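# Coordinates in review
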Amino acid sequence: MSIILDKVRKVYGSQTIVDDISLEIQTGELFVLLGASGSGKSTLLRLIAGLLPADGGQIALDGRNVTALPPQERNTGFVFQNYSLFRQMTTAQNIGFGLEIRKQSKTVRDKRVTELLKLIGLEGLGSRMPWQLSGGQQQRVALARALAYEPSVLLLDEPFGALDVKIRAQLRQNLLEIQRQLNVTTILVTHDQDEAFELADRIGIIEGGKLLEVGTPNALYRRPQTRFAATFLGAANLLPGQRNGTHVYVGDTSLTAPPDTEHLSNQPVEILVRPEEVELALQQDALQSQLVGHGVVQQVGFAGPLERVVVRLDDANFEPLQVLLSPEKVRSLSLARDSAVWVGLQDYHLLPRNGEAVNN
Amino acid sequence: MREIRPHKPLHFLILGIALVYVAVLLLAPIVSIIQRALENGFEPVITSLSEPNVIHALQVTFLMTLGAVLLNTVFGIIIAWVLTRQRFRGRRILNILVDIPFVFSPVIAGYTLIVLFGRSGWLTPTTIPIVFALPGVMLAKTFVSLPFVTREVGPVLATLDTEPEQAAYTMGASQWTTFRRIVLPNIWPGIMYGVVLTLARALGEFGAVSVVGGGIEGKTETATMFVFRALNDRNDIGAYSMSLLLGVTAIIVLIVMRLLRRSVVREQAAYVNHSG
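Residues numbered from 1 in each chain as written. Chains lettered and ligands numbered in written order. Predicted model: local features only at pLDDT ≥ 70, side-chain atom pairs only at ≥ 80, totals over all residues. Heavy atoms only, no water.

Take the overall build of chain B next. For chain B, the helix and strand inventory stands at 13 helices and zero strands. Beginning at the N terminus, the succession of helices and strands in chain B can be written as α-α-α-α-α-α-α-α-α-α-α-α-α. If one aligns the C-alpha atoms of chain B with their principal axes, the spans along those axes are about 70 × 65 × 30 Å. Entry remark: accessible area of chain B is about 16300 Å², with carbon and sulfur atoms responsible for 68%. Measuring between centres, the 22 positive side-chain charges of chain B sit 10 Å from its 15 negative side-chain charges. (Helix = DSSP H or I, 4+ residues; strand = E, 2+ residues; numbered from the N terminus. Areas by Shrake-Rupley, 256 points an atom, 1.4 Å probe, with all protein chains shown as cover. Lys, Arg positive; Asp, Glu negative; His and termini not counted. Charge placed at Lys NZ, Arg CZ, Asp CG, Glu CD.)

Across the contact, 23 residues belong to chain A and 21 residues belong to chain B. Surface buried jointly by chain A and chain B totals about 2100 Å² across both partners, of which 58% is contributed by carbon and sulfur atoms. It is Gln72, Arg87 and Gln88 of chain A in chain A that bury the most area against chain B; as a group they hold 29% of the surface buried on that side. Counting across the interface, chain A meets chain B through two salt bridges. Across the pair Arg181 of chain B and Glu100 of chain A runs a salt bridge whose closest N-O atoms are separated by 2.6 Å. Seen at the junction of chain A and chain B, the total is eight residue pairs in polar contact (both at pLDDT 80 or more). Residue assignment for the side of chain A that touches chain B shows that the elements contributing at least two residues are α1 (41-49), β6 (76-79), α2 (91-101) and α4 (135-147) of chain A. Among the elements that take part in the side of chain A that touches chain B, α2 of chain A stands out by supplying four residues, more than any other. Split into classes, the residues belonging to the side of chain A that touches chain B amount to 12 nonpolar, six polar and five charged. (Contact = heavy atoms within 4.5 Å. Buried area = accessible area lost by both parts, 1.4 Å probe. Salt bridge = Lys/Arg side-chain N within 4 Å of Asp/Glu carboxyl O. Polar contact = N/O pair within 3.5 Å; in protein donor to acceptor, adjacent residues only side chain to side chain. Nonpolar A, V, L, I, M, F, W, Y, C, P; charged D, E, K, R; others polar.)

Turning our attention to unusual backbone geometry. All names here are of chain A. Notably, Tyr83 is not glycine yet its phi reads approximately 65°, a positive angle. Overall, Tyr83 belongs to the buried group, its relative accessible area being 5%. In this model, Glu150 sits at a positive phi of 45°, which is unusual for a non-glycine residue. Looking at the secondary structure, you find Glu150 in the loop between α4 and β7 (153-157). (Buried < 20%, exposed > 50% of the residue type's maximum accessible area, 1.4 Å probe, protein only.)

Looking now at the nonpolar core. All names here are of chain A. Counting 77 residues, the largest nonpolar core has Leu5 and Leu44 as the members making the most contacts within it. Among the elements that take part in this core, α4 stands out by supplying six residues, more than any other. In contact with Leu44, other than residues within four places in its own chain, are Leu5, Val8, Val18, Ile21, Leu33 and Ile206. Counting 28 residues, the second-largest nonpolar core is a separate cluster that includes Ala257, Phe318, Val343 and Tyr348. (Core = buried A, V, L, I, M, F, W, Y, C linked by side-chain atoms within 4.5 Å.)

What follows is about the sheet that holds β6 of chain A. All names here are of chain A. Strand order in the open sheet formed by six strands is β6-β7-β8-β3-β9-β10, and the pairing between neighbours is mixed. Of all the strands in the sheet, just β6 and β10 (210-215) have a single pairing partner and so form its edges. Here the strands of the sheet are splayed against their neighbours by 20° on average, with no regard to which way each runs. The strands touched by α1 within the sheet are β3 (30-34), β6, β7, β8 (185-190) and β9 (202-207), with β7 carrying the most contacts at an inclination of about 150°. Across the sheet, α4 touches β6 and β7, and the angle it forms with β6 is around 170°. (Pairing = 2+ DSSP bridges. Axes fitted to C-alpha atoms, helices over the stretch in contact; angles between N-to-C directions.)

Further remarks concern the pairing of β8 of chain A. Residues and elements named next belong to chain A. Here β8 lies mainly inside the structure; six of its six residues are buried. Pairing analysis gives five bridges linking β7 to β8, with the strands arranged parallel. Bridge pairing in β8 links Val153 to Thr185. Assessed by its sense of winding, the connection that carries the chain from β7 through helix α5 (residues 165-182) to β8 is right-handed. (Right-handed = clockwise from strand over helix to strand, strands pointing away.)

All names here are of chain A. As paired strands, β9 and β10 are joined by five bridges and run antiparallel to one another. When the bridges of β10 are listed, Ile205 appears paired with Glu213. The antiparallel pairing of β9 with β10 creates a hairpin that spans two residues between the two strands, and Gly208 there sits at a positive phi of about 60°.

For the rest of this paragraph, the subject is the packing of aromatic side chains. Inspection of the entire model under this criterion finds nine aromatic pairs over all chains. Consider the rings of Trp81 of chain B and Phe179 of chain B, whose centres lie 5.6 Å apart with planes at 85°: the pair is edge-to-face. In this pair, Trp81 of chain B is assigned in helix α3 (residues 52-85) and Phe179 of chain B in helix α10 (residues 175-204), connecting sequence segments 98 residues apart. According to the relative accessible area criterion, Trp81 of chain B is partly exposed, its value standing at 23%. By relative accessible area, Phe179 of chain B is classed as buried at 15%. With centroids separated by 5.0 Å and ring planes inclined at 55°, the aromatic side chains of Phe206 of chain B and Phe228 of chain B adopt a geometry described as tilted. On the criterion of sequence distance, the pair formed by Phe206 of chain B in the loop between α10 and α11 (207-213) and Phe228 of chain B in helix α12 (residues 223-232) is long-range, its members being 22 residues apart. By relative accessible area, which is 47% here, Phe228 of chain B ends up partly exposed. Three or more aromatic residues link up through ring pairs in this structure, and these residues are Trp81, Trp176 and Phe179 of chain B. Positioned above the aromatic ring of Phe86 of chain A, the side-chain terminus of Arg145 of chain A is 4.3 Å from the ring centre. (Phe/Tyr/Trp six-rings, centres within 6.5 Å; stacked < 30°, edge-to-face > 60°. Lys NZ or Arg CZ within 6 Å of the ring centre and 35° of its normal.)

Right, let's get into the domain arrangement of chain B. Residue and element names in this part refer to chain B. Partitioning chain B into domains gives domain 1 (7-37) and domain 2 (46-275). The gap between the C-alpha centroids of domain 1 and domain 2 is 31 Å. The partner domain 2 presents five residues to the four residues of domain 1 that form the contact. Where domain 1 abuts domain 2, roughly 470 Å² becomes buried across the two surfaces, and 81% of that area is made up of carbon and sulfur atoms. When the area that domain 1 buries against domain 2 is broken down by residue, the three leading residues are Ile33, Arg36 and Ala37, summing to 82%. (Domains from an automatic or database assignment.)

Moving on to the pattern of salt bridges. By the definition in use, this model includes 26 salt bridges over all chains. Between Arg9 of chain A and Asp20 of chain A there is a salt bridge, with the nearest N and O atoms lying 3.1 Å from each other. With a gap of 11 residues between them, Arg9 of chain A in strand β1 (residues 3-12) and Asp20 of chain A in strand β2 (residues 15-25) connect regions that are remote in the sequence. Taking relative accessible area as the criterion, Arg9 of chain A reaches 27% and is therefore assigned partly exposed. With relative accessibility at 37%, the residue Asp20 of chain A sits in the partly exposed group. Residue Glu163 of chain B is joined to Arg46 of chain A by a salt bridge in which the shortest nitrogen-to-oxygen separation is 3.0 Å.

On to the environment of Gln15 of chain A. Among the structural elements, Gln15 of chain A can be located in strand β2. Under the relative-accessibility criterion, Gln15 of chain A is labelled exposed at 53%.

This part takes up the packing of α3 of chain B against helix α8 (residues 147-159) of chain B. Residues and elements named next belong to chain B. Running from N to C, α3 and α8 cross one another at 40°; their axes reach a closest spacing of 8 Å. The orientation of α3 relative to α8 falls into the category oblique. In terms of crossing hand, the pair formed by α3 and α8 is right-handed. Across the interface between the two elements, Asn72, Thr73, Gly76, Ile77, Ile79, Ala80, Trp81, Leu83, Thr84 and Arg85 of α3 pack against Val149, Thr150, Arg151, Val153, Gly154, Leu157 and Ala158 of α8. Of the residues that constitute the contact of α3 with α8, the class distribution is nine nonpolar, six polar and two charged. (Parallel < 35°, antiparallel > 145°, perpendicular 65-115°, else oblique. Left-handed = near helix turned anticlockwise from the far one by under 90°.)

As structure tokens, then:
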């Protein structure tokens, strides 16, 4: 286990910024801490690096309890959102700084710097000053600088936040390759769920200083345990229902209860349906999934590769459903405003009502 | 552009007022000193500046000013650091105290130093004398020029991003190494500008220095005090010559200051243009 957090806590005045967070991260894992701004994610990263003192709990890196150690003795690599390169030093001096501090000889340093410049695809740019580099290049230099002295963990605080979308996508792939190649245990903090999905081995969702849920991107997207996670990770339709026996009762119909939801038996629940899991048909028999009701199309709109359709169910208790369909499907059903449709659910998940996770 | 080329009578009137004001109050004295000092060529100037008393006064001025500059640079940076990087009780009071030399009459400043370090003062040392001795001269110069480095370095430190420092910490750099390698290069232009201002102020100080030092000829007399004595003694050529020398030094300092200021502005512009 490369990173172990045990009830780590940070308080400012009367406000708890990091609220007893416990977490274990495997060696070589790329863990993404996902949360909105002010959720405490960056603070947690700084606690791990030792840039802020923790008010409670234990932090172990590589099996070493570092809770009481200053940042200098934790051997972490930290990349800031604004890169924070040393602007009076060249790219090579920036990358070599950690090795210089470790009293490595100039020969060793130069060799390592050359290696890293190659790794980040900036060969030959070692003599440039930071302000002569583009944002994306600065970001890569910051990464190389943090990796140069082979830190036991790599900590990235919104590393792509200041870049435009196209460069961001490219740099994510870059980071992923480098991380896999070096097998360095990594925590990346972001508010961007796409980034989390693309990079993470596991995602931890953090909100109000609490680690709400941890899981693989797939598990968190399809089977979240909390309403917050469900709505934070992508668009979510939530229908009120009641789970009794083997079924969930929704309006006038019932659906088979998903197998992993026994703990919600005889409870009011919410059915979570992702927009791409809603099926529409013109006849009830044409539905290939479980029927949930009848409704009327309110809106059809362009959403890039897919069309976004909004359907109001006849049962007024339900919020309008967000549906994503292929353009082909929209054409074959000739969907337009006021089309009457039957609605089915291909895949769904149950959440406890009121958004509270059940402790069991 | 809000600038205009003057073309109406009113424009010329306003321009004229500004020029005459500066000419009478600033330019005319300088010109008159130069004119009077060089009335009979360079020779008398050089002769009068070569007198042992004058040379001693210049040595005292130079060395004591150097001491004041060194003290105020080191302690000025420390005060600026504490004021911008630490939150503590009394920070605002400290911040106000730093400006006292700006508002205190130098004579009063000198007097307080006598009270403090003179006979039966709170801090009177038993071994070396301070009042009416060279340490007193240096202390007086230090007192009057104390705020400049702090006031020049403070704003630079306050706007300095601290994340590069944090990055250096995570890379294993100690606080001192981080200050030396990361912070110092960034605040360097501010320090230099503060040093130049400190130098100018300490060099030209008269009031406090004459009160604390006593202006003992050949002992604690400084360049400005020499000018004052020369005037009393009707030693006109001595007064003009020394004034000329101090004036030229001041103008050199002014030019250095302008050049430094320009480099500070340029550096800030470069940083703004290329970051974020």
